[in-house]
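Here are the chains, one letter per residue:
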Amino acid sequence: MTTPTVRTQVLVVGAGPTGAVLALELAHHNVPCLVVERAVAPPRHPGVDRLTGIAMDLLPRLGLGVLAREYGTGAARPEDVEWRTRLDDEPVLVSPRTAAGAADHRIPAAELTRRLRDELRRHPLVELREGWTFTGLRVEPDGAVATVLDVHAGARHAVAARHLVGCDGAQSTVRHCLEVPMDSLGSPAQHCSVFFRSTDPRLPAGGRPVVLVVGGTSSVSRGDGDSWVAHLPISADEPVTTDPVAMLRARLGGGLDVPEILSVAQWDDALGVAAAYRRGPVFLAGEAAHRFHPAGELADTSLADAVDLGWKLAAEINGWGGPGLLDSYESERRPSALLDRELLARALETRRRFGRLSAAGAAPELLAAVLAQETHQADATGLPARHANSAVVWHDGSAKSAVRPGGRAPDVRLDGGEALADRFGPELTLVDLTGESAGLALVAAASGRGIPITHLPVADAAVRAGWDRPLALVRPDRHVAWCADAAPADWDAVLDLVSGHRPRQDHANT
């Protein structure tokens, strides 16, 4: 390997949505980075990325408010699932797909990637090198050295980085260099995805978010009125047909009007999660760390990786984050991916079961009863506190509170309608509802230790109605790191823990 010719604090491999959001998150905290992307042309894939309102809320703080406004449908337009035995039949059941308050938004994948890369090119703290392909890695005591090939110049470069993050997709070269295996769930089943446009009147119209399940086939609206992607299960020895229109019509059970085929892709649903998310200074994020299909089905998981890792890397580089913060990336994000994998696997199995029962001629009433039970169970999971056992969250047993350690800060609004989260600071934020500015002394103590905390006193009645802890320390990813009814007796211990300076063996405070 050649002597490093390029040096950077953070090298991000891959400029897809995960890599782009990670780079923008670093820049949000004034940390420069280098992003290398092997593609030299804009993406053309016709797929969609499904994001909840929770993920969309993170975009404006990164300068991406336009995306949120364009594609945000709001809670008034939740995504529904229509279950039919045939395309010509009335729905057996229409069930809401998304938990309350987290409406789905469907963003064209190519458009999301294009917008994010435009933002990278504009940002003064981000250096985007397109046409640079990552080919090799050497881990050293004080960082990592990557080999990249510049396809434009035909030159090979060595890039030295304090930290390197592989955001290079399901076939991640970074992951292969680290020799990190993927832990798969069950045996994979083969599928074919057909992207198409159709104005067939039997398809739900209006551009609203909807999943249409017909027998064993699920079709997802792409949000622009007439374009869809159908995910068709196929047998292992069944070749992808050269006539996707015939395949769609055979599977949907009717003479579907399909005027335009956009793309056809084959995949399997082996849901995999990387056995490790970190090897020293090298991290995995997004689909490099978890392989979920259909692609984009759980884009939230990837973007949450990027935001979580981004602020923690920045905290370490900027000097206020201890080693426990970077350790917590895997201990927080990998269990979250495992949970998402279980939820997705359950959804896929429900659709398989519906297809089997439909093919067997089960009565609509029976199908509806089975689906109602399964969708009720799925909805009951709600939005869990994803970091309920995090080593950098101060747990106090308040699992039933609206504001609870490890959970997301509630989405509440001030009396004038402004979102409380819009007033959060760039780093940690101490929300103070004591009415006595009791948090001011706590913020001053943190400042004396170099830990950046924004003091946010709130007196609005609207916030108090949905915020049940007088003091709450909120992280940049909007998860609650600590909360209490009054100032703690040992605030330094809290700061040690949530900033990652307290040794791991001392984290047991539940």
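Predicted, not measured: the structure shown is a model, and the values here were computed from it.

**Re helix H10 (residues 439–448)**
If you check which residues of H10 are buried, you get Gly439, Leu442, Val443 and Ala446. For H10, the buried positions fall inside an angular range of 100° around the axis, keeping them on one side. Structural note: H10 exposes Ala441, Ser447 and Gly448 on the side pointing more than 90 degrees away from its buried face. Where H10 is buried, its residues meet strand S21 (428–432), strand S22 (453–457), strand S23 (471–474), strand S24 (480–484) and helix H12 (491–498). Count one or two residues on from H10 and you reach Gly450, which has phi positive near 80°.

**Considering the sheet that holds S21**
With mixed pairing, 4 strands are arranged side by side in an open sheet as S22-S21-S23-S24. A strand with exactly one partner marks an edge of an open sheet, and here the two such strands are S22 and S24. The sheet shows a mean angle of 15° between the axes of neighbouring strands, direction not considered. Of the strand pairs in this sheet, S23 and S24 are connected by 4 bridges, and their pairing is antiparallel. Across the sheet, residue Ala472 finds its bridge partner in S24, namely Cys483.

**Thoughts on the sheet that holds strand S20 (residues 290–291)**
Sheet strands pair via backbone hydrogen bonds, and the direction of the pair is either parallel or antiparallel. Across the sheet, 3 strands lie side by side as S11-S17-S20; this open sheet has antiparallel pairing. At either end of the open sheet lies a strand with only one pairing partner, and these are strand S11 (182–185) and S20. As defined by bridge partners, S11 adjoins strand S17 (residues 271–274) across 4 bridges and the pair is classed as antiparallel. Bridge pairing links Leu185 to Leu271 in S17. Helix-sheet contacts for helix H8 (residues 323–359) involve S11, S17 and S20, and the interaxial angle to S17 is about 175°.

**Some words on the pattern of salt bridges**
Enumeration according to the criterion identifies 31 salt bridges in this entry. In this structure, the salt-bridge partner of Arg115 is Glu111, at a minimum N-O distance of 2.7 Å. Note that Arg115 and Glu111 are positioned in helix H4 (residues 109–122) at a spacing of 4 residues, about one turn of the helix. Residue class for Glu111 comes out buried when judged on its relative accessible area of 17%. Between Glu260 and Arg197 there is a salt bridge, with its nearest N and O atoms 3.7 Å apart. Residue Glu260 is found in strand S16 (residues 260–268), and its partner Arg197 is found in strand S12 (residues 190–197); the two are separated by 63 residues along the sequence. Classification of Glu260 as partly exposed rests on a relative accessible area of 36%.

**Topic: the nonpolar core**
Most often, soluble globular proteins keep nonpolar side chains buried together rather than apart. Core analysis: the largest hydrophobic core is formed by 72 residues, its most contacted members being Val10, Leu11, Leu164 and Val165. With 8 residues, the top contributor of residues to this core is helix H7 (residues 299–317). Apart from the residues within four sequence positions on either side, Leu11 is in contact with Leu34, Val36, Ala146, Val159, Ala161, His163, Leu164 and Val165. Counting residues in hydrophobic clusters, the runner-up holds 21 residues, among them Val392, Leu428, Leu442 and Ala481.

**Some remarks on the confidence of the model for the protein chain**
Overall, the prediction assigns the protein chain a mean pLDDT of 85, with 86% of residues at 70 or greater. Per-residue pLDDT stays below 50 along residues 376–383; that stretch engages in 11 contacts with residues further than four places along the chain or on separate chains. Note that residues 504–510 has pLDDT below 50 and, in this model, 12 contacts with residues that lie over four places away or in other chains.

**A closer look at the packing of helix H1 (residues 17–28) against H4**
In a packed pair of helices, the relevant descriptors are the angle between the two axes and the axis-to-axis distance. Interhelical geometry of H1 versus H4 gives an angle of 30° and a closest axis separation of 9 Å. Classified by the angle between their axes, H1 and H4 sit roughly parallel to one another. With respect to the hand of their crossing, H1 and H4 are arranged in left-handed fashion. Each of Pro17, Ala20, Val21, Ala23 and Leu24 in H1 lies in contact with H4, whose residues at this interface are Leu112, Thr113, Leu116, Glu119 and Leu120. Here the contact of H1 with H4 is built from residues that sort into 8 nonpolar, 1 polar and 1 charged.

**With respect to the state of the cysteines**
A complete count under the given rule lists 0 disulfides for this structure. Cysteine Cys33 shares no disulfide, and the gap to the nearest cysteine sulfur, in Cys167, comes to 9.8 Å.

**Describing the packing of aromatic side chains**
Under the counting rule described, the total for this entry stands at 5 aromatic pairs. When the ring of Trp83 is compared with that of Phe354, the centres are 5.2 Å apart and the planes differ by 70°; the resulting orientation is edge-to-face. Of this pair, Trp83 sits in strand S4 (residues 80–84) while Phe354 sits in helix H8, and the two are 271 residues apart along the sequence. Taking the relative accessible area as the measure of exposure, Phe354 reaches 2% and is therefore buried. A centroid spacing of 5.1 Å and a plane angle of 65° characterise the contact between Trp482 and Trp491, whose relative ring orientation is edge-to-face. Through a chain of ring-to-ring contacts, the aromatic side chains of Tyr277, Phe283 and Tyr329 assemble into a single cluster.

**Re the pairing of S4**
With respect to burial, S4 is a largely interior element, 5 of its 5 residues being buried. Note that S4 and strand S5 (residues 93–96) share 4 bridges and pair antiparallel. Among the inter-strand pairings, Val81 is bridged to a residue of S5, identified as Ser95. Pairing geometry for S4 and strand S13 (residues 210–214), over 5 bridges, is parallel. Across the sheet, the residue bridging to Asp80 is Val210, located in S13.

How each quantity is defined
- Residues numbered from 1 in each chain as written.
- Predicted model: local features only at pLDDT ≥ 70, side-chain atom pairs only at ≥ 80, totals over all residues.
- Heavy atoms only, no water.
- Buried < 20%, exposed > 50% of the residue type's maximum accessible area, 1.4 Å probe, protein only.
- Helix = DSSP H or I, 4+ residues; strand = E, 2+ residues; numbered from the N terminus.
- Arc of directions from axis to C-beta.
- Contact = heavy atoms within 4.5 Å.
- Pairing = 2+ DSSP bridges.
- Axes fitted to C-alpha atoms, helices over the stretch in contact; angles between N-to-C directions.
- Salt bridge = Lys/Arg side-chain N within 4 Å of Asp/Glu carboxyl O.
- Core = buried A, V, L, I, M, F, W, Y, C linked by side-chain atoms within 4.5 Å.
- pLDDT = per-residue confidence, 0-100.
- Parallel < 35°, antiparallel > 145°, perpendicular 65-115°, else oblique.
- Left-handed = near helix turned anticlockwise from the far one by under 90°.
- Nonpolar A, V, L, I, M, F, W, Y, C, P; charged D, E, K, R; others polar.
- Disulfide = S-S within 2.5 Å.
- Phe/Tyr/Trp six-rings, centres within 6.5 Å; stacked < 30°, edge-to-face > 60°.

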